[in-house]
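# A closer look at the structure
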Amino acid sequence: MKRNAFKQILMIFAVFSMLFSSVGCDKNAPAEEKDLSLQAVLDAGQLVLGLDASFPPMGFIDDENNIVGFDIDVAEEASFRLGVKLVKKPINWEEKEDLLNAGEIDCIWNGMSVSAARAESMNLSGSYMKNEMIFVVRKDSDIKSISGLKGKAVGVQSGSTAQELLQKSKIYEDVTVTSLADNVSLLTALSQEDLDAVFLDSVVAYYYIVSFSEDLLILPGNLGEEEYAVGFRKKDQALRDKVQEILDEMRQDGKLAEISVKWFGSDITTLK
Amino acid sequence: MKRSKKTGLSVVQNLVITIFIILFFLGVVVAYYSVLDSETRDNITKNGELNAVSTAYRIDKYLSLGVNALKLTSYTLDSMIHDNCSQEEILNYLVAQSFATESTVTGQINGVYGVIRDEYLDGSGWEPDEDFVPTERPWFIEAKARSGKVAIVGPYIDAMTGNVTITLSRRLGDTKSVVAIDIEMDQLQQTVEDVASAGASDAEIILNSNYQVIAHSDRDEIGNDYFKNDNSFGNSIVNMLRKQTKKESYFSLEYNSNEYIVYAITIENDWVCLSVINATTVFSKLRVPLILTIIAAMSIIIILSLLMANSNKKDAFAQKMEEIANQQTEYAYRDQMTGLKNRRAYTEELERLSGELPEDLFVIILDVNGLKKINDNFGHEAGDELIIAAATCIRNAFTDTDDVYRIGGDEFCVITSGTEEDIDGSLNLLDQSTKHWKGVRINSFSVSYGVETTKGHSDMESVAMEADHKMYDRKNSYYKSIEKDRQ
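Residues numbered from 1 in each chain as written. Chains lettered and ligands numbered in written order. Predicted model: local features only at pLDDT ≥ 70, side-chain atom pairs only at ≥ 80, totals over all residues.

## So, the overall build of chain B
Check the secondary structure of chain B and you find 11 helices and 14 strands. Buried residues in chain B amount to 34% of all 487 residues. Looking at chain B alone, contacts between residues at least 24 apart form 58% of all its contacts between residues at least 6 apart. (Helix = DSSP H or I, 4+ residues; strand = E, 2+ residues; numbered from the N terminus. Buried ≥ 20, exposed ≤ 12 C-beta atoms within 10 Å, placed from the backbone. Contact = placed C-beta atoms within 7 Å.)

Here is the structure:
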C-alpha cells in the first residue's frame, strides 16, 4: 500500500515535470512542401542568370563582347561558391517575369529594383544596393531642373520601375514619354538629340556618362530612392535562401566589398 | 483487513488532492510570473524603443541639417556648372554658403568645400598643403562611388579643430565634381551620453551602415568596427542586427551569460540607433520570489508526502497490532493441544446461548474412555496422543459446526444444530473412527457420550448437565461391560 502511494506521488511529479517542460516548447512548424529548386540547380550544374545586358555597371556587354558588371562578378563568385557554372542570358527586360516563371532563367540578377509588385510576384533576396531615380540631359540642354522638363521628350526603359515611377509623378502629364527596351539605347538617342531627357537609375547614369558620354549631365533632384535585389521564382525558397546565405558570407568575408571597390571605388553595398 | 485497506486508499486520495491543490497554486504563481515576466519584457522593450526612437529622432534632425545644407549647396552648384559659371564665381558662392551655414547652424558645420571641375575649392578659406591630393580623400572617393547619393565619411578627429567630425559629401550632376561639408559630432555624442546617463538604458550606440561606431555612451568605443568578427559584444549585436528584416526591431541577446534586450532603429542614412538594456538584473529581481515560491511548494509537497507515507506506516502498524490482538484472542479461546476451542470459549458460549435459548440445538458431552489407564501404563505422551486422537475423531465426525470444545482433560463438548438422525450419524461415524483408529501408540479406543437437546430446557447449563449425566451413565455401562469382559 505504501509503495502504491509513492507510485502515485511519483506519477504526479512526472505529470508536473511534463507540464513544465512543455511550456518552453513551441509548436513545430508545419512541414513544408518539398522544395527542389536548389537541388535542381546543383543537378544541372548551372545557374541561369537573366539580365538586361545594357545596364552598366551592373551587367552589360563590354568592348570585347563579354557580359561583365558588378552583379555579374557577384553572381560569378556566388555560383563558384555554390559549385555550379554561371550562365548569363540576356533577356528582354519586359519579359523577365514570364521567362523566370517559364523556367528559361533561374534568377533575375541585374540591378533589379525592389517594388511591391515584384516582391509579390517573385522571391527576392535581401536588398544589396541603393539607387536614386534621376533625369539625364545633354550638357548644352536648356533644361536646368526637373520642372524645366515641361513639354520635352523623355525616354524611359520598358518594363522598368523607372517607367512606373514616371507614370505616377506630377510631371508625367507635361512630358512626351518614349519607351525603349534598354537604357543604353535611350542614352544614345539622347546624345543624338532624338530625346531631351532620360529617366533612369543614378547608378547607371553616372557610370555611363563617365565611361561613354561626357556630353551628358544629371539634373539636380530625384524622383525617389530604390533598392536592388535578386529575384527568384516565388516557390524557389531553397535556392533563394542558399544564394542569400552565400551573399551574407561574401559580405562577411569582404568579397562583396572587394567587388564593389572594383566597380565603384568604394564599398557601397547595403546588404545587412 | 477490508476496513483498513479502504483507509489506505483514502490516504492516497487525500495526498493526491492536496498535491493537486498545491500544484494548482503553483501553476497560478507560475502563470502570474510569466505575465509579469512578459510585461517587464514589454516595459524594457518599450523603454528601449523610447530611447532609440528619441535618439534616432535627434540624430535624424541633427544630420538632416547637414544633409539638407549639402543638398541645397549641390543643387545650386549643379545649376552653376550647367550655366558654365566660372571657377571664381563658384568659389565666391562656396565662401558665401560657408558663412551662411556656419551662422545658421552654429558650431556644427565648418565650411563648404569640394572638387569642382577638377579643381579644389574651399569656402572656409583653408589653404591645403602642397601634397594635399583632394581626389584621394575619402570624402571624394565615397561620394564618387555613391552616384549622387550623400556619402557619410568618418567619424575621425579633425586635423584642424581636434574634434570628432564626420564629412558629408556628394557627387554633382556633371559626374566629376564633388562637394562636401564637415559636421562636428560632439553634440551627437552628447545626446547619446545624456540618454544613457538618464539611466534609461545601459548603452546607447549609433552605428553607420558598415557597423562602425559613430557615437557610443562609452566614448572609448567610438570608431570601433563592430562588423569585425571578434566575438566582442558589439559584434554579437551586429550579428543579431543582420538577421533583422524590419527598420525597427528588438531582440534579446546572450552575452557572457547576461541577457540583453536591444532595440534598433535604422534611420534615413542607414545608420542604426541602438538602445541596449541589461535585462539580467531586472529579471533576476523577478526570478528570486518565483524560485522561492517553487522551492516552498516543493518542500510542502515533499513534507506532505513524507507525512502521508508515515501515516500510512502507522496505519499498517495498527493493523498489525490488531491482527496480533485478534490472534491473541484466538489463542485465548483455543486449546493448544487439540486446536479445538477451550473451556473458556465453552463457558462464554453457554452464557451467550442462555440469553436466548434456541430450541433445536444439541449438546453432546464426550469423554475418552480409559485415559487414566493409558497414562499410568504408557505414560503421558500416550495419554496426550489419545486426547489428540479423540479430538481429531470428534472434529471429523461433526463437520457441520465449529463449536467443538475441549472442556476438561479428556472431556469434550459439541454444540450443533440438526436432526436426531444427523446426530446419530455423526456419533456412529465417531464410534467407527475411534474403533479403527491407528496411531503411534494408540490403536482403537472409545469415547462415551451423552446427547441432550435444548428442547424443554430454560438454560444451557441444565442442557449440559443433562448431557453430562447421560454421558456418565454410558461410561458406567461401558466400564461395567469391560469388567464383564474381564470376568
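Resuming the write-up.
## Quick look at the interface of chain A and chain B
Counting from both sides, the interface comprises 29 residues of chain A and, opposite them, 34 residues of chain B. Counting residues per element, the ones that place at least two in the side of chain A that touches chain B are α1 (2-24), β8 (129-138), α8 (202-212) and β12 (216-218) of chain A. A per-element tally of the side of chain A that touches chain B places α1(A) first, with eight residues. Counted by class, the side of chain A that touches chain B contains 17 nonpolar, seven polar and five charged residues. (Nonpolar A, V, L, I, M, F, W, Y, C, P; charged D, E, K, R; others polar.)

## As for the pairing of strand β11 (residues 197-201) of chain A
For a regular strand, the rule is simple: side chains alternate between the two faces of the sheet. All names here are of chain A. For β11, a buried count of five out of five residues is recorded, marking the element as mostly surrounded by other parts of the structure. Bridge count for β8 against β11 is four bridges, and the pairing is antiparallel. Residue phenylalanine 135 lies in a different strand from β11, and its bridge partner there is phenylalanine 199. (Pairing = 2+ DSSP bridges.)

## Thoughts on the confidence of the model for chain B
Mean pLDDT for chain B: 84, with 95% of residues reaching 70 or above. Across the interface, the model reports ipTM at 0.81; the global pTM reads 0.64. (pLDDT = per-residue confidence, 0-100.)

## Quick look at the environment of A:Lys34
All names here are of chain A. The topology assignment puts lysine 34 in the loop between α1 and α2 (37-44). Overall, the presence of 7 C-beta atoms within 10 Å leaves lysine 34 in the exposed class. Measuring from C-alpha to C-alpha, the distance between lysine 34 and alanine 238 comes to 9.4 Å, with 204 residues separating the pair along the chain.

## Examining the nonpolar core
Counting 69 residues, the largest nonpolar core has A:Val136, A:Ala197, A:Val198, A:Phe199 and A:Ala205 as the members making the most contacts within it. Considering every element that reaches this core, the biggest residue donor is α8(A), with seven residues. Two domains each donate at least three residues to this core, and these are domain 1 (37-128 + 229-264) and domain 2 (132-226) of chain A. If sequence neighbours within four positions are ignored, A:Val198 has contacts with A:Val136, A:Gly155, A:Leu186, A:Leu187 and A:Leu190. B:Leu70, B:Tyr211, B:Val262 and B:Leu274 belong to the second-largest nonpolar core, a separate cluster that totals 64 residues. (Core = buried A, V, L, I, M, F, W, Y, C linked by C-beta atoms within 7 Å. Domains from an automatic or database assignment.)

## Some details on helix α3 (residues 138-145) of chain B
An α-helical turn contains 3.6 residues, so a residue and the one three or four places further along point in the same direction. Residues and elements named next belong to chain B. By the burial criterion, the buried members of α3 are Trp139, Phe140, Glu142, Ala143 and Lys144. Packed against the buried residues of α3 are β1 (109-116), β3 (151-157), β4 (164-171) and β5 (178-184). At the C-terminal side of α3, serine 147 shows a positive phi close to 40 degrees.

## Description of the sheet that holds strand β5 (residues 85-90) of chain A
All names here are of chain A. Overall, mixed pairing links the five strands, which are arranged β5-β1-β6-β14-β7 in an open sheet. For this open sheet the edge positions go to β5 and β7 (122-124), each flanked by a neighbour on one side alone. Relative to strand β6 (residues 107-108), strand β1 (residues 46-51) runs parallel, the two sharing two bridges. Its bridge partner being in β6, glycine 50 is matched across the sheet by isoleucine 108. Helix α3 (residues 70-82) contacts β1 and β5 of the sheet and is inclined by roughly 145 degrees relative to β5. (Axes fitted to C-alpha atoms, helices over the stretch in contact; angles between N-to-C directions.)

## Some remarks on the packing of helix α9 (residues 380-397) of chain B against helix α10 (residues 420-435) of chain B
All names here are of chain B. The contact between α9 and α10 brings their axes to 9 Å, and the two run at 145 degrees. Where α9 crosses over α10, the two elements pack in a sense that is right-handed. Together, Cys393, Ile394, Asn396 and Ala397 of α9 and Ser426, Leu429, Leu430, Ser433 and Thr434 of α10 make up the contact between the two elements. Classifying every residue of the contact of α9 with α10 gives five nonpolar, four polar and no charged. (Left-handed = near helix turned anticlockwise from the far one by under 90°.)

## Observations concerning the packing of α3(A) against helix α9 (residues 237-253) of chain A
Residues and elements named next belong to chain A. Interhelical geometry of α3 versus α9 gives an angle of 110 degrees and a closest axis separation of 10 Å. Judged by the inter-axis angle, α3 sits roughly perpendicular to α9. The handedness of the crossing between α3 and α9 is right-handed. Contacts from Glu77, Ala78, Arg81 and Leu82 of α3 reach α9 at Lys242, Val243, Ile246, Leu247 and Met250. In terms of residue class, the contact of α3 with α9 is built from six nonpolar, no polar and three charged. (Parallel < 35°, antiparallel > 145°, perpendicular 65-115°, else oblique.)

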